Amino acid sequence: MKRTFSKAFSRFQKISLRTMTFSLVLITVFFSLLGSTMLMRNYVIDRESRLVRQKISETARIVADDPRVIKAVSEEDYSGVVQEYATFMMNQTNVDFIVVMNRDLIRFSHPIETIIKLPFSNLDDARQALSGEEHYSRQQGVLGDGTRFFTPIYDDESNLIGVVCVGYTQQTVNQQLGKVQQRLFLGLGIGLFIGLIGSFILARQIKKELLGLEPVEIAAQVQEREIVNDAVNEGIIAVRADKTVLLTNKNATRIFEKAQLKDGAIDGEQLNDYVYDLLFRQVFEDNIPIVNKAYVMNQLQLVVSVTPIFINHTVYGAVATLQNRTEVEKLIRELANIEQYVDSLRAQRHNFMNQLHVITGLIELEKYDDVTHFVKVLNRDFHEQIGFLSDKIKSSAMVGFFLGKFNEAKEEGVTLSMDLDSYFPNVEITQFIHSLLISIGVMLDNAYEAVQLSETKEVSFYIHYNSDEKVVALRVSDSGSGMSDTVKQKVFDRGFSTKGPKRGYGLDTLQSIVHDYNGMIELQSQVGKGTTFYVEVYNDLQM
């Protein structure tokens, strides 16, 4: 069984790219067109049925309201007036039959004139109209199986004097549906032919763009030449002891370019003396790897690991991995701020659990009216908060973030408010938005902590994007105890905090983010009068 499967899979692999592309596109087009045609067919059949019913009902009502028909039926006039009018209407509307009858269901008209003055073929079906109600039916008649509509005839004094029956034979209906289906399947054939040509052209063009190579060949070349170079985010460079460069990846090239070395890092196939001495000389001399050591390359701070390459117990070369230390430290700061998101989620969870406990208790006490009232209050408060935020903040990510912050503030007994002039558009979620959320989170979390010992626990924030100047302005104010001049001078220093050990990273992160986007921070604080942080960062947001 395994051998059979392997052979089948091997044969499948040998199918050319052109053949696979052609077959896949053609099959996709065929089934798409077939599905569309079947859906259209069902729609057309239903539509034709509705049109048939509409046409015979409207025709029957017109005939029943005609004065000539009313007069002839009232006077029992079989002179041919009704037959002549019925024939005229059949020609005009293309229905198969119009039968006019009196209350005794004797025919005044029929496509077969020899049965005029004779009773209707299905008396039970026609008698339903004598009760004054219209109805459709599908029955066997003189002309065969057909769909028909019955409507009563009233005279000028609203007396029911007869019945009109109008309809199509099933043969006619089937002919009309057949013509429509022929057009649909003709469209299917044309679409399939176009798909055939398109798939052939596409397969040929793809093959041409790939320089005639098959996928297996392309995969092999990519694996051989680039998997080592670009598989990791760090810069990689490998050299021999004679400074010959064995390989380098794109990230290593970017790092060297960022270092702005005067003569470049690589001269032809040789690593220049400065980079060699800095990264590799010690490893070749001591045969000992270097792990996560900080280096400065032309004022660019790097975290470097260098490992010697041994062949037959002899050092053949060495490979170094390079990381921009600034990016590493930024990542560490961002990871440190994950704790803020966790705390926010924990506050929301605690708030929701408290609400669920209240609802559970009320249900156990069978206070169902109180449950309804409590849920309505929660729902109203929730929607009022969402409505206010959504009116000012159009970004769903921002709205979700601020909702969490509102819940966190409520959990900590803090009154959080948003300035009425705030506005932020609906933009793409980018690294800038992520940095912006971190910045706002840092300022709000600091404000929450600052007001914990105050009698008035109030925090307000303001966010606004100026599309003309491409500036995002942020402001967070609190009613806390404020800062002394000494604290204000150190507040942005990494590791400095008045709240205890292992703190003091939030404002350092805020300052780094602001500098990354060429922004500015303004701090206003007085002891006993609270604190205000004002931030401006520049970015052309993509709406």
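Residues numbered from 1 in each chain as written. Predicted model: local features only at pLDDT ≥ 70, side-chain atom pairs only at ≥ 80, totals over all residues. Heavy atoms only, no water.

Caption draft 1: Representation of the overall build of the chain within the structure. Counting secondary structure elements, the chain contains 17 helices and 16 strands. For the chain, with 543 residues in total, the buried portion stands at 38%. The contacts of the chain with a sequence gap of at least 6 include a subset with a gap of at least 24, amounting to 58%. On the chain, roughly 32100 Å² of surface is accessible, and the fraction owed to carbon and sulfur atoms is 53%. (Helix = DSSP H or I, 4+ residues; strand = E, 2+ residues; numbered from the N terminus. Buried < 20%, exposed > 50% of the residue type's maximum accessible area, 1.4 Å probe, protein only. Contact = heavy atoms within 4.5 Å. Areas by Shrake-Rupley, 256 points an atom, 1.4 Å probe, with all protein chains shown as cover.)

Caption draft 2: Highlighting the sheet that holds strand 14 (residues 471-478). Taken together, the five strands give an open sheet; going across it, the order is 12-13-14-16-15, and neighbouring strands pair in mixed fashion. A strand with exactly one partner marks an edge of an open sheet, and here the two such strands are strand 12 (415-418) and strand 15 (520-526). Mean inter-strand twist for the sheet, computed between neighbouring axes without regard to direction, equals 10°. Against the sheet, helix 17 (residues 506-516) touches strand 15 and strand 16 (530-538), its axis set at about 30° to strand 16. (Pairing = 2+ DSSP bridges. Axes fitted to C-alpha atoms, helices over the stretch in contact; angles between N-to-C directions.)

Caption draft 3: Molecular detail of helix 15 (residues 431-450). Compared with an ideal rise of 1.5 Å per residue, which puts 20 residues at 28 Å, helix 15 spans 29 Å between its outermost C-alpha atoms and is within 8% of the ideal. In terms of residue burial, helix 15 counts as a mostly covered element, since 16 of its 20 residues are buried. (Expected span 1.5 Å × (residues − 1).)

Caption draft 4: Seen up close, the pattern of salt bridges. Overall, the coordinates contain twelve salt bridges when judged by the stated rule. Note that Arg61 and Glu134 form a salt bridge whose closest N and O atoms lie 2.9 Å from each other. Remark: Glu134 occurs in the loop between helix 5 (123-127) and strand 2 (135-141) and Arg61 occurs in helix 2 (residues 17-65); sequence separation between them is 73 residues. For the salt bridge of Asp419 with Arg475, the shortest nitrogen-to-oxygen distance reads 3.2 Å. With Asp419 in the loop between strand 12 and helix 15 and Arg475 in strand 14, this residue pair connects regions lying 56 residues apart in the sequence. Through salt bridges with shared partners, one network takes in Lys405, Glu408 and Asp445. (Salt bridge = Lys/Arg side-chain N within 4 Å of Asp/Glu carboxyl O.)

Caption draft 5: Region of interest: the pairing of strand 4 (residues 160-169). Buried residues dominate strand 4, accounting for ten of its ten residues. By the bridge criterion, six bridges tie strand 1 (residues 97-102) to strand 4 in an arrangement that is antiparallel. Counterpart to Met101 in the pairing with strand 4 is Val163. Of the pairings in the sheet, the one linking strand 3 (residues 144-154) to strand 4 comprises nine bridges and is antiparallel in character. Considered in strand 4, the bridge of Ile153 is made with Gly162. The turn joining strand 3 and strand 4, which pair antiparallel and follow one another in sequence, is formed by five residues; a positive phi near 60° is taken by Ser158.

Caption draft 6: Local environment of empty space enclosed by the protein. By the definition in use, this model includes four cavities of 30 Å³ or more. There is about 130 Å³ of room inside the largest cavity. As for the largest cavity, its lining consists of 16 residues, of which Phe97, Gly141, Val142, Leu143 and Arg148 are closest to the centre. Elements with a minimum of two residues in the lining of the largest cavity: strand 1, strand 2, strand 3 and strand 4. Residue contributions to the lining of the largest cavity peak at four residues, all from strand 3. Looking at the lining of the largest cavity residue by residue, the classes come out as six nonpolar, seven polar and three charged. (1 Å grid on protein atoms, 1.4 Å probe; cavity = no way out; pocket = protein on both sides within 12 Å on 5 of 7 lines; lining within 4 Å. Points joined across faces, edges and corners; volume = space filled by probe spheres on them. Nonpolar A, V, L, I, M, F, W, Y, C, P; charged D, E, K, R; others polar.)

Caption draft 7: A look at the side chain of Ser435. Among the structural elements, Ser435 can be located in helix 15. Among the residues examined, Ser435 registers a relative accessible area of 1% and is labelled buried. Setting aside anything within four residues of it in sequence, one finds Ser435 in contact with Ile513 and Tyr517.

Caption draft 8: Molecular detail of the packing of helix 15 against helix 17. One way to put it is that helix 15 packs onto helix 17 with a least axis distance of 9 Å and a crossing angle of 145°. For the pair helix 15 and helix 17, the crossing hand works out as left-handed. The residues of helix 17 that touch helix 15, namely those facing Ser435, Ile438, Ser439, Val442, Met443 and Asn446, are Gly506, Leu507, Thr509, Leu510 and Ile513. (Left-handed = near helix turned anticlockwise from the far one by under 90°.)

Caption draft 9: Structural detail: the packing of aromatic side chains. Summed over all chains, the structure comprises eleven aromatic pairs. A ring pair is formed by Tyr136 and Phe149, whose centres lie 4.8 Å apart and whose planes are at 55°; its orientation type is tilted. Placement of the pair is Tyr136 in strand 2 and Phe149 in strand 3, with a sequence separation of 13 residues. Ring geometry for Phe492 versus Phe533: centroids 6.3 Å apart, planes at 85°, classification edge-to-face. Note that Phe492 is positioned in the loop between helix 16 (485-490) and helix 17 and Phe533 in strand 16, a separation of 41 residues in sequence. A residue is classified by how much of its surface remains accessible, and Phe492, at 15% relative accessible area, is buried. Here Phe533 falls in the buried class, since its relative accessible area comes to 6%. Among the aromatic residues, those joined into a cluster by ring pairs are Phe401, Phe402, Phe406 and Phe461. Geometry around Tyr136 places Arg53 over its ring, the cationic atom sitting 4.5 Å from the centre. (Phe/Tyr/Trp six-rings, centres within 6.5 Å; stacked < 30°, edge-to-face > 60°. Lys NZ or Arg CZ within 6 Å of the ring centre and 35° of its normal.)

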